[in-house]
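Chain and residue survey
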Amino acid sequence: MSQLPFEKPLIELREKIAELKSFTKEKSIDLSEEIATLEKKAERLEQEIYGQLTPWQKVQIARDQSRPTTLFYIRSIFTDFLELHGDRLYGDDPAIVGGIAKLDGLPVTVIGHERGTDTKDKIARNFGLPHPEGYRKALRLMQQADKFRRPIICFIDTQGAHPGIEAEERGQSEAIARNLREMAGFSVPIICINTGEGGSGGALAISIGNRLLMLEHAYYSVISPEGAAAILWRDAGKAQEAAEALKITAQDLYRFGIADEIVAEPKGGAQKNPEEQANLIKESILRHLSELQKMTPEALLEDRYQKYAQIGQFGS
């Protein structure tokens, strides 16, 4: 498991505790008092570190390469997942996965960014940076879900859409814009969950829903903190300052009325206990879906409209 810079003191302390426990077992020496003291210290340090994370530290956790990916959540939360491929226009984009599945027996359509796990998989999936065909595939699956009255569940976790010229040549901006327009008009429940990074239009293209849930250490940003720092101060090294100014954390978005719920993460982040995180996400999805399923198609459209109409404040 990867180690973030601010976690180093805690990890070193835990390694010291493990060494003492191993030494105690090998040499039959009673060091229980010393171990207990260090464990209490580790507990306090853990609370200190994770209880007051800065926005930049949250960004680092959201980017942790060992965090669970969309496919992990799909396999943990849903059953009978049947992945569907292609946009029927150009090709298939592995950076976005989607298909039909069952959520406690209820047929749903599930879609999400997929970053990949090992190096080979990450390269094959372009590190979760979708091309336009990925967004068109997502739209095709959502249109199918709307036709057959299946709720739509979207998992967001991307630095952004692929920035290469080939993506622009194939209509990246048009594909994202079309998704925004079409998702606004679907008459089935749509629940979106940000599990890590929410980078600009690349994230928004599958984020227009009745409910937006965010994991505790996830973030949304129109630009990366490094990019903002480079533009504002001509110094990417001021990313920490930019992360604070951008107000991009789950807590910021919930306070602004953009996110509807913050889903708690295990201490230290989803990567510390993926199974527990999947259970927490499932419980949240089921709760919101139960509420949305009671609405008529017209009420769902109005609910979605009101959600976005109320975002933002205007002052003189």
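What counts and how
- Residues numbered from 1 in each chain as written.
- Predicted model: local features only at pLDDT ≥ 70, side-chain atom pairs only at ≥ 80, totals over all residues.
- Heavy atoms only, no water.
- Helix = DSSP H or I, 4+ residues; strand = E, 2+ residues; numbered from the N terminus.
- Rg over C-alpha atoms; globule rule 2.2 N^0.38 Å.
- Buried < 20%, exposed > 50% of the residue type's maximum accessible area, 1.4 Å probe, protein only.
- Contact = heavy atoms within 4.5 Å.
- Areas by Shrake-Rupley, 256 points an atom, 1.4 Å probe, with all protein chains shown as cover.
- Lys, Arg positive; Asp, Glu negative; His and termini not counted.
- Charge placed at Lys NZ, Arg CZ, Asp CG, Glu CD.
- Domains from an automatic or database assignment.
- Arc of directions from axis to C-beta.
- Pairing = 2+ DSSP bridges.
- Expected span 1.5 Å × (residues − 1).
- Axes fitted to C-alpha atoms, helices over the stretch in contact; angles between N-to-C directions.
- Parallel < 35°, antiparallel > 145°, perpendicular 65-115°, else oblique.
- Nonpolar A, V, L, I, M, F, W, Y, C, P; charged D, E, K, R; others polar.

To continue, consider the overall build of the protein. Regarding its fold elements, the protein presents 14 helices and 8 strands. Scaling as 2.2 N^0.38, a compact globule of 316 residues should have a C-alpha radius of gyration of about 20 Å, and the protein matches this with 21 Å. The C-alpha extent of the protein, read off along each of the three principal axes, is 70 × 50 × 45 Å. Residues counted as buried form 50% of the 316 residues belonging to the protein. Nonlocal contacts in the protein, meaning residues at least 24 apart in sequence, comprise 72% of its contacts between residues at least 6 apart. Of the accessible surface of the protein, which amounts to about 15,600 Å², a share of 53% is contributed by carbon and sulfur atoms. Within the protein, one finds 40 positive and 47 negative side-chain charges whose respective centroids are separated by 2 Å.

Here we take up the domain arrangement of the protein. In terms of domains, the protein is made up of domain 1 (5-52) and domain 2 (59-310). Computed over C-alpha atoms only, the centres of domain 1 and domain 2 are separated by 37 Å.

Before going further, it helps to examine helix α4 (residues 70-77). Taken together, the buried positions of α4 are Thr-70, Leu-71, Tyr-73, Ile-74 and Ile-77. Looking down the long axis of α4, one finds its buried residues gathered within 160 degrees of arc, a one-sided arrangement.

Turning next to the pairing of strand β2 (residues 96-103). Along β2, 6 of the 8 residues are buried, which leaves the element largely enclosed by surrounding structure. In this structure, strand β1 (residues 79-83) lies alongside β2, joined through 3 bridges in antiparallel fashion. Residue pairing for β2: Leu-82 is matched across the bridge by Ile-100. Bridge count between β2 and strand β3 (residues 106-113): 8 bridges; the pairing is antiparallel.

Because each turn of an α-helix spans 3.6 residues, side chains separated by three or four positions in sequence point in the same direction. Helix length check: helix α6 (residues 132-147), at 16 residues, gives a terminal C-alpha distance of 23 Å against a target of 22 Å (1.5 Å per residue), a fit within 8%. Taking burial as the measure, the 16 residues of α6 include 12 buried ones, the bulk of the element. Here α6 has its buried residues at Pro-132, Glu-133, Gly-134, Tyr-135, Lys-137, Ala-138, Leu-139, Arg-140, Leu-141, Met-142, Ala-145 and Asp-146. As for α6, its buried residues are in contact with β2, β3, β4 (152-158), α7 (165-169), α8 (172-185) and α9 (200-204). Note on α6: the residue one or two positions beyond its end, Arg-149, has a positive phi of about 65 degrees.

Now for the packing of helix α10 (residues 225-232) against helix α11 (residues 239-246). Their axes nearest at 8 Å, the elements α10 and α11 cross at an angle of 100 degrees. As summarised for this structure, α10 and α11 are arranged roughly perpendicular, according to the angle between their axes. On α11, the residues touching Pro-225, Glu-226, Ala-228 and Ala-229 of α10 are Ala-239, Ala-242, Ala-243 and Leu-246. Of the residues belonging to the contact of α10 with α11, the class tally is 7 nonpolar, no polar and 1 charged.

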